[in-house]
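Each chain is listed here by its residues.
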Amino acid sequence: MSEELGDVGPIDYLVVEFPGNRMTGEGFPLLVDLVDRGLIRILDLMFVRKDDDGTVTGMEIADLTGDGKLDLAVFEGASSGLLGQDDIEEAATALEPGCSAGILLYENVWAAPFAAALRRGGARMVASGRIPVDAVVAALDAAEAAR
């Protein structure tokens, strides 16, 4: 199995909350563009809703808005099977009641050659993470104020 993963880039996930279940679809063309340019590969894309009573249910991609304006057919079938019920429940803990969310699992294809070269050289990933944008802005503001 590890030989099969030799050319795979880092795998990341995002959970994006849509307050009040309002999804405009504005980001979807940009997501498609990232895939079309070969920067990422979508492994899983699923949507969930957290009702006011805390009940979490999955949503079909085609039924997200019900207004007929948002065509997500391009994402249909984006399911590797890596995301399971436990992942959905974990993601739902971050959601406010009355909101929905998209859960995106993706490969950073742009980094695959770099990652493969490191693995061939015997390197291994020992830590990774993300710095939230708000934290970066706060740190830059603090650095500027200290000058």
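Please read all numbers here as calculations on a predicted model, not as lab measurements. (Residues numbered from 1 in each chain as written. Predicted model: local features only at pLDDT ≥ 70, side-chain atom pairs only at ≥ 80, totals over all residues. Heavy atoms only, no water.)

Chemist: I'm lost on the overall build of the protein in this one. Help?
Modeler: The helix and strand tally for the protein stands at 4 helices and 4 strands. Residue burial in the protein is summarised as follows: out of 147 residues, 29% are buried. Of the contacts formed within the protein by residues at least 6 apart in sequence, a portion of 83% connects residues at least 24 apart. Put simply, the protein shows about 10,200 Å² of open surface, and 55% of that area lies on carbon and sulfur atoms. (Helix = DSSP H or I, 4+ residues; strand = E, 2+ residues; numbered from the N terminus. Buried < 20%, exposed > 50% of the residue type's maximum accessible area, 1.4 Å probe, protein only. Contact = heavy atoms within 4.5 Å. Areas by Shrake-Rupley, 256 points an atom, 1.4 Å probe, with all protein chains shown as cover.)

Chemist: Explanation requested: a negative patch on the surface in the structure shown.
Modeler: Side chains of Asp86, Asp87, Glu89 and Glu90 sit close together on the surface and give a patch of like negative charge. Residue classification places Asp87 among the partly exposed positions, given a relative accessible area of 31%. (Patch = residues over 30% accessible without salt bridge, like charges linked within 9 Å, V, L, I, M, F, W, Y side chains within 5 Å. Salt bridge = Lys/Arg side-chain N within 4 Å of Asp/Glu carboxyl O. Lys, Arg positive; Asp, Glu negative; His and termini not counted. Charge placed at Lys NZ, Arg CZ, Asp CG, Glu CD.)

Chemist: Explain the confidence of the model for the protein here, please?
Modeler: Detailed reading of the predicted model is not advised wherever pLDDT is low. Counting all residues, the mean pLDDT for the protein is 83, and 83% of those residues have values of 70 or more. Ranking the elements of the protein by mean pLDDT puts strand S3 (residues 56–59) last with 84 and helix H4 (residues 133–145) first with 93. (pLDDT = per-residue confidence, 0-100.)

Chemist: What's the story with helix H3 (residues 112–120) in this structure? I'm lost.
Modeler: Count 3.6 residues to each turn of an α-helix, and residues three or four apart come out pointing the same way. Turning to H3, its buried residues are Ala112, Ala115 and Ala116. Viewed along the axis of H3, the buried residues span an arc of 100°, placing them on a single side of the element. Opposite the packed face of H3, turned more than 90 degrees from it, sit the exposed residues Pro113 and Phe114. Backbone geometry just downstream of H3 places Gly122 in the positive-phi region, at approximately 90°. (Arc of directions from axis to C-beta.)

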